[in-house]
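Architecture and fold: a report
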Amino acid sequence: MEIEGMMALLIPILGILAIFAYSTIKRYWEHRERMAAIEKGVLPSQIGEDADIAEVGASPSSRLQSALVTTAVGLALTVGLGSIGFGPWLLGGLIPLFVGLAGIFTYLVSSRPRPQGPDSQ
């Protein structure tokens, strides 16, 4: 195998390993921090990060913002991968594009004002 071929194989593997290592180390340190807080008598519900996590997606505007970002990333990936040509790799962009569009559609359907008054039952 050529050195260039080995490098072409090694770079994606190292990238995946780096992402996995980062997420593992981050979870480990969050766990240690949570355990230290519990030992000091702080309840997990009182820790700021847990309260923030519970509120993610709670407001309709944050759900719309997330859907718009996902749609934009999917569109950018689709355009970028489309420059290679038409093939199965376009799914890397089409999937987030349609997930984002579904989020926007859900926001629009769920946030329609409902008629109020004596006839609206």
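Shown above is the structure to which this text applies.
The present account deals with the structure reproduced in this document. Only a predicted model underlies this, so the values are computations on that prediction, with no experimental measurement involved. Residue positions within a chain follow its written sequence, with the count starting from 1. Only residues with pLDDT of at least 70 get local features here, since the model is predicted, and only at 80 or more are side-chain atom pairs given and counted; chain-wide, interface and lining totals rely on the full set of residues. Side-chain figures throughout are based on the complete set of non-hydrogen atoms in the structure, without hydrogens or water.

1. Concerning the overall build of the protein chain
Put simply, the test is: Strands here mean DSSP runs of E at least two residues long; helices mean DSSP runs of H or I at least four residues long; both are numbered from the N terminus. Residue exposure (1.4 Å probe, protein chains only): buried if accessible area is under 20% of the type maximum, exposed if over 50%, otherwise partly exposed. In what follows, residue pairs with any heavy atoms lying within 4.5 Å of each other are defined as contacts.
Counting secondary structure elements, the protein chain contains four helices and zero strands. From first element to last, N terminus to C terminus, the protein chain shows the α and β order α-α-α-α. The proportion of buried residues among the 121 residues of the protein chain is 12%. Counting only contacts in the protein chain whose residues sit at least 6 apart along the sequence, the fraction spanning at least 24 positions is 40%.

2. Here we look at the pattern of salt bridges
So the rule is basically this: Basic side-chain nitrogens of Lys or Arg form a salt bridge, by our definition, when they fall within 4 Å of a carboxyl oxygen of Asp or Glu.
One pass over the structure, following the stated rule, counts one salt bridge. Across the salt bridge formed by Glu30 and Lys26, the nearest N and O atoms sit 3.4 Å from each other. Here Glu30 pairs with Lys26, and both are found in helix α1 (residues 3-39), just four residues apart, close to one helical turn. Lys26 sits in the partly exposed class, given a relative accessible area of 42%.

3. Topic: α1
Note the following rule: In this analysis, the expected span of each helix is defined as 1.5 Å times one less than the number of residues it contains.
End to end, α1 covers 52 Å across 37 residues, agreeing with the expected 54 Å (1.5 Å per residue, within 8%). Looking at the residues trailing α1, positive phi occurs at Gly41, about 95°.

4. Considering the side chain of Thr71
Worth spelling out the cut-off: Polar contacts here mean pairs of N or O atoms no more than 3.5 Å apart (in protein, one a potential hydrogen donor and the other a potential acceptor; neighbouring residues in sequence count only if both atoms are side-chain atoms).
Counting through the fold element by element, Thr71 comes out in helix α3 (residues 60-82). A polar contact is formed between the side chain of Thr71 and the backbone oxygen of Ala67, at a distance of 2.8 Å. With near-sequence residues (within four places) excluded, Thr71 lies in contact with Pro96, Leu97, Gly100, Leu101 and Ile104.

5. Things to note about the packing of aromatic side chains
Our working definition: Only the six-membered ring of Trp is used, alongside the rings of Phe and Tyr, when aromatic pairs are assigned; centres must lie within 6.5 Å, and planes under 30 degrees apart are stacked while those over 60 apart are edge-to-face, with the rest tilted.
Evaluation of the coordinates by the stated rule reveals one aromatic pair. Aromatic side chains Tyr28 and Trp29 sit 5.7 Å apart centroid to centroid with 70° between the ring planes, which places their arrangement in the edge-to-face category. Taking relative accessible area as the criterion, Tyr28 reaches 45% and is therefore assigned partly exposed.

6. Things to note about a nonpolar patch on the surface
Filter applied, for reference: Here the term patch refers to residues with relative accessible area over 30% and no salt bridge, with like charges joined within 9 Å and nonpolar side chains (Val, Leu, Ile, Met, Phe, Trp, Tyr) within 5 Å. Accessibility throughout is a Shrake-Rupley quantity obtained with a 1.4 Å probe, and a residue counts as covered only by protein chains that appear here.
Residues Ile3, Met7, Leu9, Leu10, Ile11, Ile13, Leu14 and Leu17 make up a contiguous nonpolar surface patch of about 780 Å² in total accessible area. Summarising the element assignment, Leu17 is placed in helix α1.

7. Here's the deal with α3
Along an α-helix, a turn takes 3.6 residues, which lines up residues three or four apart on a common side. Its 23 residues place the ends of α3 32 Å apart at the C-alpha level, agreeing with the 33 Å of an ideal helix rising 1.5 Å per residue. On the buried face of α3, the contacting elements are α4 (91-110).

8. Things to note about the packing of α3 against α4
Our working definition: Interaxial angles span 0 to 180 degrees and are taken between N-to-C directions of axes, which are lines fitted to C-alpha atoms, for helices over the stretch in contact. We call two directions roughly parallel when the angle between them is under 35 degrees, roughly antiparallel when it is over 145, roughly perpendicular when it lies between 65 and 115, and oblique otherwise. For any pair of crossing helices, the crossing counts as left-handed if the nearer helix is rotated counterclockwise from the farther one by less than a right angle, and right-handed if it is rotated clockwise.
Between α3 and α4, the least distance of the axes is 7 Å, while the angle of their chain directions is 155°. In terms of orientation, α3 lies roughly antiparallel with respect to α4. Viewed along their axes, α3 and α4 form a crossing whose handedness is left-handed. In this structure, α3 contributes Pro60, Leu64, Ala67, Leu68, Thr70, Thr71, Gly74, Leu75, Leu77, Thr78 and Leu81 to the contact, and α4 contributes Gly92, Gly93, Leu94, Pro96, Leu97, Val99, Gly100, Leu101, Gly103, Ile104 and Tyr107.

9. Notes on the side chain of Thr78
Its location among the elements puts Thr78 in helix α3. Relative accessible area serves as the criterion here: at 17%, Thr78 is assigned to the buried category.

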